[in-house]
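# Descriptive structure summary
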Amino acid sequence: MAELCVRSVLVTGANRGIGLGLVQHFLRMPKPPQWIFATCRDPKGQRAQELQNLASKHPNLVIIALEVANPASIKAAAAKVGEHLGGSGLNLLINNAGVVKPKMLDAETLEDMTEIYTTNTAGPLLMGQAFLPLLKKAAQGSPGSGLSCSKAAIVNMSSIGGSIASFFGWDIMQVTSYRCSKAALNMLSKCQSLAYKEHGILCVALHPGWVQTDMGSAAGHTPPVTVDDSVQGMLKVLSSLSEKETGAFLDWEGKVIPW
Ligand code: NDP
């Protein structure tokens, strides 16, 4: 299996949970990326303390302000990343930021549906659009004709909760607004894979497992998977992907999840 070997990666929602875990694993790689763009809503605030500590020790880690529900913030972040990269492209965009409201179906509102969809679905759409020029540049600058995450890729952090066939965890958490947003994110991932294939960009929807984070624990249960195991598994999966898997919905162990 080929090593995941990226020159540059961007992770949204990188100040805690799975996003922070991804950043930590990229930093620990034998050949770490030259640029790790860790984005979060408030880079100077208390919630970004761990990222700030890491950035003070690792010059390849750049913290960038990014609110994925705000198109102006996305554009500003893309411009900043472009400046850092100079003439080169971005290999890997990980749309990880996400929100859930632990509610029953009857309690969902128009505001919930809109807010969750904006962050979990529209955010990754706008991110893909804004970073497309940098992803294209990375694809053009990489040798070979196939697709891979080392070359250029968009990874959308989805959830098995968005699988219509599996309806995982319904008894524990109904979270209908969240499920709808992730089902739509799966469709977005498929659309991106179709549109961006010709540019040499691989696109996948990835379920990280049920993971021990604030979100994973939101229903009051302890999830079975640690952040470390989830991230390690996902990075292994990403390293194995080729054009055969673009547009797929996979979990952290590489299993195909039914739509
Ligand atoms: P956490 O709740 O631990 O962290 C969520 C992250 O997203 C935080 O960094 C948060 O920032 C950020 N975020 C939320 N809204 C926005 C926004 N509008 N703009 C920018 N950043 C935002 O979640 P996890 O780490 O558990 O989840 C990461 C991803 O994995 C999500 O997409 C989630 O849906 C998915 N997932 C998680 C599972 C689990 O079991 N944990 C299971 C299946 C999928 P801030 O600190 O500012 O709030």
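Our subject is the structure listed above.
Structure report, in brief. Small disclaimer: the values here were computed from a predicted structure and weren't measured.

### Side note on unusual backbone geometry
Even without a glycine there, the phi angle at phenylalanine 167 is positive, about 35°. Following the sequence through the fold, phenylalanine 167 ends up in the loop between strand E5 (153-157) and helix H5 (176-196). In the Ramachandran plot, valine 175 falls in the positive-phi region, its phi being about 30° despite a non-glycine side chain. Within the fold, valine 175 resides in the loop between E5 and H5.

### Observations concerning the pairing of strand E6 (residues 202-207)
Walk down a regular strand and you will see the side chains alternate between the two sheet faces. Of all six residues in E6, six are buried, a share of seventy percent or more. Taking every second residue as pointing to the same face, both faces of E6 are buried, with Leu202, Val204 and Leu206 on one and Cys203, Ala205 and His207 on the other. Across five bridges, the pairing between E5 and E6 is parallel. Bridge assignment links valine 155 to a residue of E6, and that residue is valine 204. Each parallel crossover has a hand, and the one from E5 via H5 to E6 is right-handed. Across three bridges, E6 lies against strand E7 (residues 249-251) in parallel orientation. Its bridge partner being in E7, alanine 205 is matched across the sheet by phenylalanine 249. What joins E6 to E7 is helix H6 (residues 227-240), and the crossover it makes is left-handed.

### A short note on the pattern of salt bridges
Enumeration over the complete set of coordinates arrives at seven salt bridges. Between lysine 101 and aspartate 112 there is a salt bridge, with the nearest N and O atoms lying 3.1 Å from each other. With lysine 101 in the loop between strand E4 (92-95) and helix H4 (110-140) and aspartate 112 in helix H4, this pair connects stretches of sequence that are eleven residues apart. On the accessibility criterion, lysine 101 (24% relative accessible area) is partly exposed. With a closest N to O distance of 2.7 Å, lysine 103 and aspartate 112 form a salt bridge. A relative accessible area of 3% places aspartate 112 in the buried class. Each member of the salt-bridge network shares a partner with another, and the members are Lys101, Lys103, Asp112 and Glu115.

### Some details on the sheet that holds strand E1 (residues 8-11)
Strand order in the open sheet made by the seven strands is E3-E2-E1-E4-E5-E6-E7, with parallel pairing throughout. Each of the sheet's edge strands pairs with one partner strand only, and the pair in question is strand E3 (61-65) and E7. Neighbouring strand axes in the sheet, compared pairwise and without regard to direction, differ in orientation by 20° on average. The pairing of strand E2 (residues 35-40) with E3 spans five bridges and is classified as parallel. Counted as the bridge partner of threonine 39 is isoleucine 64 from E3. In the packing of helix H2 (residues 49-57) onto the sheet, the strands contacted are E2 and E3, and the crossing angle to E3 comes to about 140°. In the packing of helix H3 (residues 71-85) onto the sheet, the strands contacted are E1, E2 and E3, and the crossing angle to E3 comes to about 155°.

### Some remarks on the site of the ligand
Surrounding the ligand, one finds 29 residues, the nearest of these being Asn15, Arg16, Glu67, Tyr178 and Thr213. Contact distances for the ligand include 2.6 Å between an oxygen atom and a side-chain N or O atom of asparagine 15. For the ligand, a nitrogen atom lies 2.6 Å from a polar atom in the side chain of glutamate 67. For the ligand, the accessible surface in isolation is 900 Å², of which the surrounding protein chains cover 95%. Only helix H1 (17-28) and H5 provide two or more residues apiece to the shell around the ligand. Here the residues of the shell around the ligand sort into eleven nonpolar, twelve polar and six charged.

Calculation rules
Each chain carries its own residue numbering, running from 1 in the written order of its sequence. It should be noted that, the model being predicted, local features are given only for residues of pLDDT at least 70 and side-chain atom pairs only at 80 or more, the latter also being counted only at that level, while totals for whole chains, interfaces and linings use all residues. Neither water nor hydrogens contribute to the side-chain values; these are computed over all heavy atoms in the structure. Secondary structure elements are taken from DSSP: a helix is a run of H or I of four residues or more, a strand is a run of E of two residues or more, and numbering for both begins at the N terminus. The classification of residues rests on relative accessible area computed with a 1.4 Å probe and restricted to protein chains. Under 20% of the type maximum is buried, over 50% is exposed, and intermediate values are partly exposed. A pair of strands counts as paired when DSSP detects no fewer than two bridges linking them. We call a crossover right-handed when, viewed with the strands running away from us, the connection from the first strand over the helix to the second turns clockwise. Within this document, salt bridges are pairs made up of a side-chain nitrogen of Lys or Arg and a carboxyl oxygen of Asp or Glu, the two lying within 4 Å of each other. Axes, fitted as lines to C-alpha atoms, cover a helix only where it is in contact. Angles between the N-to-C directions of the axes lie from 0 to 180 degrees. We call two residues in contact when some of their heavy atoms are within 4.5 Å. Nearness is defined per residue: one heavy atom within 4 Å of the molecule or strand is enough. Pairing of N or O atoms within 3.5 Å defines a polar contact, subject to two protein rules: one partner must be a possible hydrogen donor and the other a possible acceptor, and residues neighboring in sequence count only if both atoms are side-chain atoms. Where accessible areas are quoted, they stem from the Shrake-Rupley method and a 1.4 Å probe; at the residue level, only the protein chains shown are allowed to cover. When residues are grouped by polarity, Ala, Val, Leu, Ile, Met, Phe, Trp, Tyr, Cys and Pro land in nonpolar, Asp, Glu, Lys and Arg in charged, and all others, Gly among them, in polar.

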